[in-house]
Amino acid sequence: MDSGYYKYHEAFHLLKFPNERQILEQAYDEYLDLKRSNLWGSKKYF
């Protein structure tokens, strides 16, 4: 077993199952929405 930090496109190509890719896409979309709203890294969205 190995772990690490990957860029989005690298992680997407490492995943083998469609549901894993779907989870990654949803999480990345949520991250982009928070970043656009200037809420990423703050506790304003809790």
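Here goes a summary of the coordinates provided.

1. Looking at the pattern of salt bridges
- A complete count under the given rule lists one salt bridge for this structure.
- For D33, the salt bridge is made with R36, and the minimal N-O distance between the two is 2.8 Å. Pair noted here: D33 and R36 are both in helix α2 (residues 18–36), with a separation of three residues, about one helical turn.
- According to the relative accessible area criterion, D33 is partly exposed, its value standing at 44%.
- Taking relative accessible area as the criterion, R36 reaches 63% and is therefore assigned exposed.

2. A look at α2
- Given a rise of 1.5 Å per residue, 19 residues ought to cover 27 Å, and the 27 Å separating the end C-alpha atoms of α2 matches this to within 8%.
- With its phi angle positive at about 60°, N38 sits one or two positions after the end of α2.

3. Considering the environment of L24
- Position of L24 among the secondary structure elements: in helix α2.
- Note: C-alpha distance between L24 and Y8 (16 residues apart in sequence) is 8.2 Å.
- Contacts of L24, omitting those with residues within four sequence positions, involve Y8, A11, F12 and L15.

4. Looking at unusual backbone geometry
- The backbone of N38 sits at a positive phi, close to 60°, despite the residue not being glycine.
- Tracing the backbone through its elements, the reader meets N38 in the segment after α2.

Criteria and cut-off values
Residues numbered from 1 in each chain as written. Predicted model: local features only at pLDDT ≥ 70, side-chain atom pairs only at ≥ 80, totals over all residues. Heavy atoms only, no water. Salt bridge = Lys/Arg side-chain N within 4 Å of Asp/Glu carboxyl O. Helix = DSSP H or I, 4+ residues; strand = E, 2+ residues; numbered from the N terminus. Buried < 20%, exposed > 50% of the residue type's maximum accessible area, 1.4 Å probe, protein only. Expected span 1.5 Å × (residues − 1). Contact = heavy atoms within 4.5 Å.

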